[in-house]
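Chain residues, written in single-letter form:
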Amino acid sequence: MQDEIKLLARRVKKLRIDNGVSQTKMAEEIGVSQTNLSNMEAGRTAITIQNLFKIQKVLNCKMADFFVDFDKEVV
């Protein structure tokens, strides 16, 4: 399970960076501290489903975009 958490964390970070959103801005938008978001993106803290939906809204992406690497398929 830890590997999946880290994979999701890396995907969230990549999408955030690809969309040009700073960690500070994302943290503000989803209602967490920048430190908490940093821990989520590093896989030290699991990303809750509630936060994942908030992140999806901020990044204006599909939920599937977070899981594209899980099955090794490009969606």
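Quantities reported herein were computed from a predicted structural model and do not represent experimental measurements.

### A word on the environment of leucine 52
Here comes step 1: Within the element layout of this structure, leucine 52 appears in helix α4 (residues 49-59).
Here comes step 2: Using a relative accessible area of 2% as the deciding quantity, one classes leucine 52 as buried.
Here comes step 3: Taking the C-alpha atoms as reference points, leucine 52 and valine 12, 40 residues apart in sequence, are found 8.6 Å from one another.
Here comes step 4: When near neighbours in sequence (up to four residues on either side) are disregarded, leucine 52 contacts Leu8, Val12, Ile47, Met63, Phe66 and Phe67.

### Considering the nonpolar core
Here comes step 1: In this structure, Ile55, Leu59 and Phe66 are the most contacted members of the largest nonpolar core, which totals 17 residues.
Here comes step 2: Of all the secondary-structure elements, those providing two or more residues to this core are α1 (2-18), α2 (23-30), α3 (34-41) and α4.
Here comes step 3: Look past the residues within four positions of isoleucine 55 in its chain and what remains in contact with it is Val12, Met26, Ile30, Ile47 and Phe66.

### Observations regarding α4
Here comes step 1: Residues of α4 that are buried: Asn51, Leu52, Ile55, Gln56 and Leu59. Down the axis of α4, the smallest arc covering the buried residues is 145°, so these residues share one side. Seen from the open side of α4, the exposed residues pointing more than 90 degrees away from its buried face are Gln50 and Lys57.
Here comes step 2: A positive phi of about 50° marks asparagine 60, the residue just after α4.

How each quantity is defined
- Residues numbered from 1 in each chain as written.
- Predicted model: local features only at pLDDT ≥ 70, side-chain atom pairs only at ≥ 80, totals over all residues.
- Heavy atoms only, no water.
- Helix = DSSP H or I, 4+ residues; strand = E, 2+ residues; numbered from the N terminus.
- Buried < 20%, exposed > 50% of the residue type's maximum accessible area, 1.4 Å probe, protein only.
- Contact = heavy atoms within 4.5 Å.
- Core = buried A, V, L, I, M, F, W, Y, C linked by side-chain atoms within 4.5 Å.
- Arc of directions from axis to C-beta.

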